[in-house]
Structure formats: structure tokens, C-alpha cells
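# Chains, contacts and geometry: an overview
Listed below are the residues making up each chain.
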Amino acid sequence: MIKPTMAFVSFKDITVEFLKKNNIDAILLDVDNTVSPPSSKKIYDGVEEWLDEIKKSGIEVIICSNNFRKRVYPFAKSVGLDCVAMSLKPLPFGFIRAEKKLSVKPKNALVIGDQIFTDILGAKLAGMKSALLVPQSPDKGKTIKLRRKLELPMRKKLYGEDYLSKYNLLERDDKK
Ligand SMILES: [Mg+2]
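So, a few notes on the structure that sits alongside this text. (Residues numbered from 1 in each chain as written. Predicted model: local features only at pLDDT ≥ 70, side-chain atom pairs only at ≥ 80, totals over all residues. Heavy atoms only, no water.)

## Some thoughts on the coordination of the magnesium ion
Six octahedral donors around a metal ideally subtend angles of 90 or 180 degrees, whereas four tetrahedral donors ideally subtend 109.5 degrees. Bound to the magnesium ion are the protein donor atoms D30 (OD), D32 (O) and D114 (OD), situated 2.1 to 2.2 Å from the metal. Motif for the magnesium ion, donor spacing along one chain: D-x1-D-x81-D. By the burial criterion, D30 is buried, and D32 matches it. (Donors = N, O, S within 2.8 Å, 3.2 Å for Na, K, Ca; no water. Buried < 20%, exposed > 50% of the residue type's maximum accessible area, 1.4 Å probe, protein only.)

## Concerning the side chain of S87
Relative to the assigned elements, S87 resides in the loop between β4 (82–84) and α4 (93–102). Here S87 is in contact with C64, S65, N66 and G94, once residues within four sequence places are set aside. (Helix = DSSP H or I, 4+ residues; strand = E, 2+ residues; numbered from the N terminus. Contact = heavy atoms within 4.5 Å.)

## Some thoughts on a negative patch on the surface
A grouping of D45, E48, E49 and D52 is seen on the molecular surface, where their side chains present a negatively charged patch. Position of E48 among the secondary structure elements: in helix α2 (residues 47–56). Residue E48 is classed as partly exposed on the basis of its relative accessible area of 44%. (Patch = residues over 30% accessible without salt bridge, like charges linked within 9 Å, V, L, I, M, F, W, Y side chains within 5 Å. Areas by Shrake-Rupley, 256 points an atom, 1.4 Å probe, with all protein chains shown as cover. Salt bridge = Lys/Arg side-chain N within 4 Å of Asp/Glu carboxyl O. Lys, Arg positive; Asp, Glu negative; His and termini not counted. Charge placed at Lys NZ, Arg CZ, Asp CG, Glu CD.)

## A look at the packing of helix α5 (residues 116–125) against helix α6 (residues 142–159)
Relative to each other, α5 and α6 sit at 55 degrees, their axes nearing to 10 Å. Here α5 lies oblique to α6, going by the angle between them. For the pair α5 and α6, the contacting residues are I116, F117 and T118 in the first and R147, L150, E151, M154 and R155 in the second. (Axes fitted to C-alpha atoms, helices over the stretch in contact; angles between N-to-C directions. Parallel < 35°, antiparallel > 145°, perpendicular 65-115°, else oblique.)

## Description of the environment of V134
In this fold, V134 is placed in the loop between β6 (129–132) and α6. Sequence separation between V134 and A98 is 36 residues, and the spatial gap between their C-alpha atoms is 24 Å.

## Describing the sheet that holds β4
Read across the open sheet, the six strands follow the order β1-β6-β5-β2-β3-β4; overall the sheet is parallel. Unpaired on one side and paired on the other, β1 (6–7) and β4 mark the two borders of the sheet. Where strand β5 (residues 109–113) and β6 come together, four bridges link them in parallel fashion. Each bridged residue has a counterpart across the sheet, and for V111 the counterpart in β6 is S130. Where α4 meets the sheet, it contacts β2 (26–29), β3 (60–64), β4 and β5, and its direction lies at approximately 150 degrees from that of β3. (Pairing = 2+ DSSP bridges.)

## Structural notes on the pattern of salt bridges
Tallied over the entire structure, the rule returns nine salt bridges. The salt bridge partner of K89 is D30, with a shortest N-O separation of 3.2 Å. In this pair, K89 sits in the loop between β4 and α4 while D30 sits in the loop between β2 and α2, placing the two residues 59 residues apart along the sequence. We note a salt bridge from K56 to E53, for which the minimum N-O separation is 3.3 Å. Of this pair, K56 and E53 are both found in helix α2, three residues apart, which corresponds to roughly one turn of the helix. Judged by its relative accessible area of 67%, K56 falls in the exposed class.

Here it is in C-alpha cells:
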């Protein structure tokens, strides 16, 4: 249930060519720690260029975040995308709402996110494909740190221990 369809380090590794080859018509994109530092107005380097390439190819993109409207709406607007906020992942309702907005078949939809117990599990429950990323910023808060601990065995399987230590994921804390 918690194994993603695919795993990458960064959104940048997911190319249009790859998406086309895997029959992906739409991307349901997480925000925090996927394309933006958590609750920050900043966007990771390269996000806008990556989104431009995908939009040009005809693949649709919609933001799907568990964060509040006041966080998600301005972010989605800043990158020119429609969105579903407070999507209650891993419950599938937010993804289903996004799927209806785009009129895409679940099997042709790809959820991209950094959390196994929200993004990946939610995708599975909605019958969609999923791509797990390495979280790009430090975690803040006890709940997320606990979830990262629970993610570790699956991440070790997917990425290998050496890889995770390179990204400082084995001992994540919020001091850095
Ligand atoms: Mg996230």
C-alpha cells in the first residue's frame, strides 16, 4: 500500500519524455517539500522551468496540498496552476476532486509528493500512480518527524542507505 510506483530525488528528474512513455496525462502536485520549502513563499530552483516544459507538452498539472487555502491558493496562483487545498491526504477525496477538475482517468494521473503516508498512500487509494521525492528542506514539527521515521524502511528499500545519508535523511532534525 505504501510503495510508490516510482521514486526520484527531485521533481527535475521527472521528464516530459518519461511522463509520455508512462501514459501520464495529468500531474497532481504536492507543494510543501516538493516544489517549495514548507510554508514558504519561495519556490525551489527550476520549478517554473520544469512546469513550463510540462504544460507545453499538453500534460495537465494541478496543485494538491493538505495545507490551508491561505497557503495553497497564493502559491498555485504564483505558478499559474489550479489547486485543491486541504485535500486531507491520504484520504482520496482531494485527489478525486482534482481528477474531476481535469477529467483525467486515475490510471493516467501521477501524484508527485515527498510523503509516503499522505501523497503515496493517497494515490494508491485513489487508484493513481505515484512518484515519491526526497524532501528538499528540513522538517519542522513532531508529527512530520515521526512520519519521516516511519518512512525510513521504505525509503531505504527504494533509495538505499548510502543515498539517504548523502541527502541527510537518516538523521533529519529541524536544527539545520
Ligand atoms: Mg509535502
